[in-house]
Amino acid sequence: MRPLTLDDDRLLPTEPGVRALAREVYGHVRDLPIISMHGHVEAQVLAEDEPFDDPARMLVVPDHYVTRMLVSQGTRPEDLGVPRTDGGPVEQDGREIWRRFCAGWHLFRGTPSRYWLEHELHEVFGVRVHPSPETADEIYDQLAERIASPEFRPRALFDAFGVELLATTDAPTSRLEHHAAIAASGWSGTVVPTFRPDALVHLGRPGWKRDVEELAEVSGEDTGDYAGFLAALRQRRAHFAAMGARATDHGHLTADSAPLERADAERVYAAARAGAVGPADASAFAAHMLFEMARMSRDDGLVMQIHPGVLRDHDPAVHERFGSDKGFDIPIAVDFVHGLRPLLSEFGSDPAFRCVLFTIDETTFSRELAPLAGAYPSVRLGAPWWFLDSPLAMRRFREAVTETAGFYNTSGFVDDTRAFASIPARHDVSRRVDSGFLATLVASGQLSLEEAVETAVDLTTTVPRTAYAPRGA
Amino acid sequence: MRPLTLDDDRLLPTEPGVRALAREVYGHVRDLPIISMHGHVEAQVLAEDEPFDDPARMLVVPDHYVTRMLVSQGTRPEDLGVPRTDGGPVEQDGREIWRRFCAGWHLFRGTPSRYWLEHELHEVFGVRVHPSPETADEIYDQLAERIASPEFRPRALFDAFGVELLATTDAPTSRLEHHAAIAASGWSGTVVPTFRPDALVHLGRPGWKRDVEELAEVSGEDTGDYAGFLAALRQRRAHFAAMGARATDHGHLTADSAPLERADAERVYAAARAGAVGPADASAFAAHMLFEMARMSRDDGLVMQIHPGVLRDHDPAVHERFGSDKGFDIPIAVDFVHGLRPLLSEFGSDPAFRCVLFTIDETTFSRELAPLAGAYPSVRLGAPWWFLDSPLAMRRFREAVTETAGFYNTSGFVDDTRAFASIPARHDVSRRVDSGFLATLVASGQLSLEEAVETAVDLTTTVPRTAYAPRGA
Amino acid sequence: MRPLTLDDDRLLPTEPGVRALAREVYGHVRDLPIISMHGHVEAQVLAEDEPFDDPARMLVVPDHYVTRMLVSQGTRPEDLGVPRTDGGPVEQDGREIWRRFCAGWHLFRGTPSRYWLEHELHEVFGVRVHPSPETADEIYDQLAERIASPEFRPRALFDAFGVELLATTDAPTSRLEHHAAIAASGWSGTVVPTFRPDALVHLGRPGWKRDVEELAEVSGEDTGDYAGFLAALRQRRAHFAAMGARATDHGHLTADSAPLERADAERVYAAARAGAVGPADASAFAAHMLFEMARMSRDDGLVMQIHPGVLRDHDPAVHERFGSDKGFDIPIAVDFVHGLRPLLSEFGSDPAFRCVLFTIDETTFSRELAPLAGAYPSVRLGAPWWFLDSPLAMRRFREAVTETAGFYNTSGFVDDTRAFASIPARHDVSRRVDSGFLATLVASGQLSLEEAVETAVDLTTTVPRTAYAPRGA
């Protein structure tokens, strides 16, 4: 049995002089509140405040970063309890799933999943031994006991984690009833929705027609034609904003934002309604809608989050058998410069517009994103995320963008996670890495310690609050 | 008020053992003369040797790295005194512009602009407090007083900076009268022109026709047809060479260098003269002219500097209102391998040809540029520049290219700047970063200290002198 | 004369605390056997076990990393003894070639060639002075004397180097007679072939027709049509496997793997036989054959090594005069995500299929390769190689892929070399760099020292043994 300990100086620079500086900077941010402007925790979890499921269903099954790593080494998804789309049999025994996870613990060495899980096990659940075949049952029992207790319910953890604000991600067709329930509950936590219209703007999707019909129903607008479709989206955005939303979220295959002529948009939309849209038209319409969404953001003040460049469900067989979000979404090269030019030419220098650009293609950090953010008043850079919300990638992000865009054209860390219990661990990584980067600037004579501390505090508080400030705030 | 100090060890590695080695290496290069083979200081400045304008017009207004950062955070270009193309009103009060700059000083944390400005303020102007709203006026007054004194005139600074040679960048239509005036003045400074024909080879440009007519006038060749156009360019190159030019400079959107058939080149040129050239033909002609310029370089010995991969004036509205070079030139991905193949196949192994390749697309450092420079005898790698002439990017350049191309296939630092007073700061950054990189090689057992010192001295002196040596030197 | 010494801690991290940890980790792997799963040493060398040629012909002439660097600085290939394709005169005097190499020794500063050569000279040949014009003859004489002695014959070196297994690279048309001779010789060394069908699947190649005819002869299959071509390849794969082969090897310009319809494949193959295949068809056929080779790997268990993204023979004149592999193969950007999707969709999750992906386009490490390897059970990542098998690039590889793919989705170091005497040096670099990386994880609180040691040992032994394990092992 290997003891599980957390080094208080973990992830800080290793050179003792720089580490001492980093420790000083980090000390000023480690206990600041968590501002979580982009994530995938369901509002329902906090509305219902039910105990989490068993340890495997809390920490393993829904975390596709964990399951994909085990799958990449030969474990079948079924044996990890990953539900099949056809409802066929998968492992039901949480303890068995947990044992399989523990047997693969060494696979996570050097990964952020390992870091987050260590942090959660140690800090949230009080575990003091490493996962292994020998310790699997002991840890499982300990976790199960904790999960059952009131202090481990979602709201109690939310409060214990020091979350100031949590933004969820929601379909335009959502009635946001869970957000309403939270607001009505008297609980003090702030949980705001985020408007994510991807399912509605990608015409080729199976289920699109059903979704626009649901959009009609929930918005009260007739989505039978393009004008009604736009009106319905506007209605939903207004509703989201009224429920506290700060932002929209747009995941596209490319960064293309070329608008269509009105007549073309109408024609393509009508073809989609008739079930007869081709892939080229669907792509053009998605690009067009990115442009239109920018227009609506300028009009209603919702901050526009854009993250292109992921080919979803690379293995069609995995998608067919297990559905989306199973670790087979693979990044591709992105061209932000040509792609976003139509959108930024129209709205990029408009004081009423703000956008945050995310990527998983690191090559764009220094080449495209930092120069864009260092020029356009509307553009902020999203945190490194997805495959990049890890210590080394976060450091590379700061190293690649700061010299061109500075610190104040970034927008704060986002945890982007479904794994509720990992939220503090994730924000802590970011604070440690930023403290280390700032300490290096101090140690190399580029910044005073006082400025480094001020910057670290800003990155944790002022910067996300400002980037996602509601209009007029 | 925060005191402004300069750490003598700034930018050197932070680990004390490596820092001591770096300090030793740096000590051998810190006071070597400045060889500035590529820049944008106007010869007129040194020909006329007038005092610089007020502090804001010297340090803020013309430096689009400074103005774009303030603009990216919401300041209007007009409020920074950036001239409008329509001559409309902009801020005239230098002191007011300076105050706005000082209020945004924190935005530059971690950027090379901050580093250069600190260096200039401290070393050139003797300022000892950080810019801030509280100190803005005090610093302004101090700078204004210095600028007015004789030791701060351009030639005095040139001499004080220890500049051995300064290359300017000039249009082929320039008569180089300011270079002639400098040569005739009896002043000892060496200022040479660089031949930059971009405006003439990009047929689509507004103003192109006027420029080729001016080319005819200044060259005495009839640019009415393609043959005359080539003859005129040859004539101007010869004149530049006679005036001391070492190099040409070519900024293209892509690296394409495919030659056209003679008849096609003639046809496209004629169409351009008739005002009827399409974008595809204009692009093809630009690629063709890159090839032709290589041929002329082989013939006349001017070193060919090539830097593709920037989309100019990303925001057309900014361009229309304020013109070019306002911080909205954004890098794009470049394919040097296919693009330059025609050019290098023809001239790359010819001992009479030399070229220097620059990029702002870092991905090409290890993938394309280092392998090309490590094979073709004619190819040298340009310094990291533009967005990349910063401490971390310079380090990444050495880390990415040295293992494949070594040190001696690079061509020395270039400051590439309009900001005259920043020249020593910029070269100093390069010397510090290279010293640090070399020290790391020593500390990791890959190089002796003696070799590191020799290499650092070579990179500062022999390497640029050799890369840009005039034919026969 | 500069003394040639080897720092025992070379390439380990420079910070003393991390270095101490790295030294501890490295101590557990430095003397482990060498598993060389991918290289270009000829089996004939070990079958015949003749003394190596003179020092220049052993260390300089065949190593295009050495010759290209000298060529890049103006030395003519002829003067380095590089054979001309037309058999014309080149330098014959090994001592003269060696002197030219020694005169250019400074060009290799900071390159892995320098590191490997230092290691070889010091550890294998006992040289104690740096190459230089003054020491060239002395070193030459010392090397010549050693090479002539029995302990420097290939098999003796193989044993002294501690090679556990050496995989060669062989054409499908090879009868593997040298491998058979080694097996029959009674010598204990394990030398296995690798199946590399590139010459046969790239239809446009000069010599293709001759090669498929030879394939027919050696396989006993009629390669007159496509079915026979496939049958012949299957026959050869079976023969290779019977001779101990673990893997196949595929170098393509792109990663395209889209299969053709059977009828199209037949048609294109027939056209090629008739000498009438166009470049588009040839490319499509190459992509198709990548898919077909994956199918055969699934069927026969040979691990499929794929390495796209190099434009061969960038300078046609060099190719015409000196042939292939002269340092003018230049990497290009690769799209693994779309390219390999057909292949991985069909075979990527099949437990009977395994592949190893190599690249020289570093941008794909974090963006494409790590996510693919971190999901598909069949995919392992090849070591950084070619231009990237250098200390800094190896470190960047670990930094870019580990956080997403972990350590256990990589496949162990490969030396990929023709330079037999450099094999220990190359593996040693990898062990030092990995030890340093693991030590950094320990020092930053992400891994225990015990786990780091275990991982380092795995990377050197278990990981390559498993990645290339024969079916059923």
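As the structure is a prediction and not an experimental result, all values here were calculated from the model.

About the thresholds
- Residues numbered from 1 in each chain as written.
- Chains lettered and ligands numbered in written order.
- Predicted model: local features only at pLDDT ≥ 70, side-chain atom pairs only at ≥ 80, totals over all residues.
- Heavy atoms only, no water.
- Contact = heavy atoms within 4.5 Å.
- Buried area = accessible area lost by both parts, 1.4 Å probe.
- Salt bridge = Lys/Arg side-chain N within 4 Å of Asp/Glu carboxyl O.
- Polar contact = N/O pair within 3.5 Å; in protein donor to acceptor, adjacent residues only side chain to side chain.
- Helix = DSSP H or I, 4+ residues; strand = E, 2+ residues; numbered from the N terminus.
- Nonpolar A, V, L, I, M, F, W, Y, C, P; charged D, E, K, R; others polar.
- Phe/Tyr/Trp six-rings, centres within 6.5 Å; stacked < 30°, edge-to-face > 60°.
- Buried < 20%, exposed > 50% of the residue type's maximum accessible area, 1.4 Å probe, protein only.
- Lys NZ or Arg CZ within 6 Å of the ring centre and 35° of its normal.
- Least-squares fit on C-alpha atoms with pLDDT ≥ 70 in both.
- Lys, Arg positive; Asp, Glu negative; His and termini not counted.
- Pairing = 2+ DSSP bridges.
- Axes fitted to C-alpha atoms, helices over the stretch in contact; angles between N-to-C directions.

Novice: So what exactly am I meant to see when it comes to the interface of chain B and chain A here?
Specialist: Quite often, the size of an interface is put as the accessible area lost when its parts meet. Counting residues at the interface gives 48 residues for chain B, matched by 42 residues for chain A. When the two sides are added together, the surface that chain B and chain A hide from each other amounts to roughly 3700 Å², 52% of it contributed by carbon and sulfur. Counting the contacts that link chain B with chain A gives six salt bridges. Asp361 of chain B is paired through a salt bridge with Arg367 of chain A; the nearest N and O atoms lie 3.0 Å apart. Our count for the chain B to chain A interface comes out at 26 residue pairs in polar contact (both at pLDDT 80 or more). Elements represented by at least two residues in the side of chain B that touches chain A include exactly α1 (16-27), α4 (64-72), α6 (112-124), α15 (316-322), β7 (330-331) and α19 (391-405) of chain B. For the side of chain B that touches chain A, the residue count by class is 22 nonpolar, 12 polar and 14 charged.

Novice: What is the right way to look at the packing of aromatic side chains in this model?
Specialist: Aromatic rings considered in pairs are described by the distance between their centres and by the relative angle of their planes. Under the criterion given, the structure shown has 75 aromatic pairs over all chains. Here the aromatic rings of Tyr269 of chain C and Phe285 of chain C are separated by 6.3 Å at their centres, their planes lie at 35 degrees, and the arrangement is tilted. Taken together, the residues Tyr269 of chain C in helix α13 (residues 262-273) and Phe285 of chain C in helix α14 (residues 279-300) connect sequence positions 16 residues apart. Among the residues examined, Tyr269 of chain C registers a relative accessible area of 1% and is labelled buried. The exposure class assigned to Phe285 of chain C is buried, which follows from its relative accessible area of 0%. The rings of Tyr65, Phe358, Trp385, Trp386 and Phe387 of chain A are connected pair by pair, giving a single aromatic cluster. Above the plane of the ring of Trp116 of chain B lies Arg426 of chain B, whose end atom (NZ or CZ) is 3.6 Å from the centre.

Novice: Please explain the interface of chain A and chain C as it appears in this structure.
Specialist: Every contact between the two is made by 48 residues of chain A and, on the other side, 42 residues of chain C. In total, chain A and chain C occlude about 3700 Å² of area from one another, counting both sides; carbon and sulfur atoms represent 52% of this. Area buried by chain A at its contact with chain C is led by Arg2, Arg109 and His314 of chain A, which between them contribute 19% of it. Counting across the chain A and chain C interface gives six salt bridges. The partner of Glu454 of chain C in a salt bridge is Arg109 of chain A, and the shortest N-O contact between them spans 2.6 Å. Inspection of the region where chain A meets chain C yields 26 residue pairs in polar contact (both at pLDDT 80 or more). Elements represented by at least two residues in the side of chain A that touches chain C include exactly α1 (16-27), α4 (64-72), α6 (112-124), α15 (316-322), β7 (330-331) and α19 (391-405) of chain A. In the side of chain A that touches chain C, the residues fall into 22 nonpolar, 12 polar and 14 charged.

Novice: In this structure, what is going on with the relation of the copies chain A and chain C? I would like to understand it.
Specialist: Relating one copy of the chain to the other requires a rotation about an axis plus a shift along that axis. With an RMSD of 0.0 Å, chain A superimposes on chain C once it is rotated by 120 degrees and translated 0.0 Å along the axis. Each copy turns onto its partner about a three-fold axis. The fraction of interface residues of chain A whose copies in chain C are also interface residues is only 4%, indicating that the copies meet through different surfaces.

Novice: I tried to follow the side chain of Asp416 of chain C on my own but got confused; where do I start?
Specialist: Residue and element names in this part refer to chain C. Along the chain, Asp416 falls in the loop between α19 (391-405) and α20 (423-443). With no salt bridge to any partner, buried Asp416 finds its closest opposite charge in Arg418, at an N-O distance of 6.4 Å. In this structure Asp416 touches His38, Gly39, His40, Trp385 and Trp386, once residues within four positions along its chain are discounted.

Novice: Any chance you could explain the sheet that holds strand β9 (residues 379-381) of chain B here in plain terms?
Specialist: Strands pair in a sheet through their backbones, by hydrogen bonds, and they do so in one of two ways: parallel or antiparallel. Residue and element names in this part refer to chain B. Strand order in the open sheet formed by four strands is β4-β5-β8-β9, with parallel pairing between adjacent strands. Looking at strand neighbours, the two that pair on one side only are β4 (247-250) and β9, the edges of this open sheet. Averaged over all adjacent pairs, the angle separating strand axes in this sheet is 25 degrees, with direction ignored. Pairing between strand β8 (residues 355-357) and β9: three bridges, direction parallel. Residue pairing for β9: Val356 is matched across the bridge by Arg380. Here helix α18 (residues 363-373) sits on the sheet and contacts β8 and β9; the angle it forms with β9, its principal contact strand, is near 135 degrees.

Novice: Explanation requested: the sheet that holds strand β8 (residues 355-357) of chain C in the structure shown.
Specialist: Residues and elements named next belong to chain C. If you walk across this open sheet you meet the four strands as β4-β5-β8-β9, and the pairing is parallel. This sheet does not close on itself; its edge strands, each paired only once, are β4 (247-250) and β9 (379-381). Mean inter-strand twist for the sheet, computed between neighbouring axes without regard to direction, equals 25 degrees. Note: strand β5 (residues 303-306) against β8, three bridges, orientation parallel. If you follow Met304 over to β8, its bridge partner there is Cys355.

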